[in-house]
Amino acid sequence: MIHIFYRHSQNASPGRGRPEWFNYVNCFENFEKTISSRTDVDVTLVYDGDTPNTDDVVKKLNSSSLDFNLLITHHNSSLLSYRDLLSHIKNKKDIKDGDLIYFLENDYLHKEGWVDVVNNLYHTYDMSTAYVSLYDHNDKYTHPMYSDLVSKIFTTSKCHWRTVPSTCGSFIISKKLFDLDYDIWSTAVGDHNTFLHLNNARNRFVFTPIPGLSTHCMEGLMSPTVNWSKI
């Protein structure tokens, strides 16, 4: 079972550097389409704000056939809302050690079939020290800070994967590993440096697919070789 925690907020603004087709409803509709027929996923909308019923994404979710849970926080702060979510997951009794947890931000697109590819990865390898991102980070190929980056490349029957030093706030982790690393995430500020610390202190790794199964919707940073505008 994959427990998906879809993070959205009342004050979500598209901001700069977005593709011309981007909006949060498009991202949600795409996500919903990729899981609509699944019985092995569980969805919780984590909404930070005071008026969820007036939000376009919440309206879309309420009108969909998707069965979902709703967790509301009132911080108007991504960090504080995230910490509340971590505590919520820590105290949930219905997530088993072998289950997967997917922290998902509201500005990602997904390719069809990603659930099967993720399950295939976890059934193929020992993932007890691994984090998984579905995003093939374009900056890992182009940014000068990664000019000397060395990745291990490996395969399953469905996908090539590579190791990278870090990812954004959207990633998959087993419940068992979540519990082991909870002490770090519950006090962390930011994702990049936290992943570097996890690698140095606890030998954790981040695996990403080639090509990407999802993308962060930012111009110049989207997963390469995929026409995301068509998706």
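Every value quoted in this text rests on a predicted model; they were computed, and no experiment measured them.

Participant: So what exactly am I meant to see when it comes to a nonpolar patch on the surface here?
Facilitator: A cluster of nonpolar side chains, namely Leu79, Leu80 and Val189, defines an oily patch on the protein surface of about 250 Å² accessible area. Mapped onto the secondary structure, Leu79 falls in helix α3 (residues 78-91).

Participant: Sorry if this is basic, but what is going on with the environment of Asn227 here?
Facilitator: Tracing the backbone through its elements, the reader meets Asn227 in the segment after β11 (214-216). By relative accessible area, which is 40% here, Asn227 ends up partly exposed. Looking at Asn227, its side chain comes within polar contact range of the side chain of Ser229, at 2.5 Å.

Participant: Would you explain the packing of α3 against helix α6 (residues 175-185) in this entry?
Facilitator: How two helices sit against one another is set out by the angle between their axes and by the gap between those axes. Closest axis-to-axis distance for the α3/α6 pair is 11 Å, and the angle between their directions is 135°. Here α3 lies oblique to α6, going by the angle between them. You can see that α3 and α6 cross each other, and the crossing is left-handed. Facing Tyr82, Leu86, Ser87, Ile89 and Lys90 of α3, the residues of α6 in contact are Lys175, Phe178, Asp179, Tyr182 and Trp185.

Participant: I tried to follow the layout of surface pockets on my own but got confused; where do I start?
Facilitator: Gaps left between atoms show up when a probe the size of a water molecule is rolled over them. Counted as a void, the largest pocket has a volume near 450 Å³. If you trace the largest pocket, you find 23 residues lining it, with Arg7, Ser78, Leu79, Tyr82 and Glu105 closest to the centre. Of all the secondary structure elements, the ones that give two or more residues to the lining of the largest pocket are β1 (2-9), β2 (41-48) and α3. The leading source of residues in the lining of the largest pocket is α3, at four residues. Computed from the structure, the second largest pocket encloses a volume of approximately 250 Å³. Taken together, 15 residues form the lining of the second largest pocket, with Asp97, Gly98, Leu100, Tyr122 and Ser174 sitting closest to its centre. Mapped by element, the contributors of at least two residues to the lining of the second largest pocket are α4 (114-124) and α6. Among the residues forming the lining of the second largest pocket, the class breakdown is six nonpolar, five polar and four charged.

What counts, and at which threshold
- Residues numbered from 1 in each chain as written.
- Predicted model: local features only at pLDDT ≥ 70, side-chain atom pairs only at ≥ 80, totals over all residues.
- Heavy atoms only, no water.
- Patch = residues over 30% accessible without salt bridge, like charges linked within 9 Å, V, L, I, M, F, W, Y side chains within 5 Å.
- Areas by Shrake-Rupley, 256 points an atom, 1.4 Å probe, with all protein chains shown as cover.
- Salt bridge = Lys/Arg side-chain N within 4 Å of Asp/Glu carboxyl O.
- Helix = DSSP H or I, 4+ residues; strand = E, 2+ residues; numbered from the N terminus.
- Buried < 20%, exposed > 50% of the residue type's maximum accessible area, 1.4 Å probe, protein only.
- Polar contact = N/O pair within 3.5 Å; in protein donor to acceptor, adjacent residues only side chain to side chain.
- Axes fitted to C-alpha atoms, helices over the stretch in contact; angles between N-to-C directions.
- Parallel < 35°, antiparallel > 145°, perpendicular 65-115°, else oblique.
- Left-handed = near helix turned anticlockwise from the far one by under 90°.
- Contact = heavy atoms within 4.5 Å.
- 1 Å grid on protein atoms, 1.4 Å probe; cavity = no way out; pocket = protein on both sides within 12 Å on 5 of 7 lines; lining within 4 Å.
- Points joined across faces, edges and corners; volume = space filled by probe spheres on them.
- Nonpolar A, V, L, I, M, F, W, Y, C, P; charged D, E, K, R; others polar.

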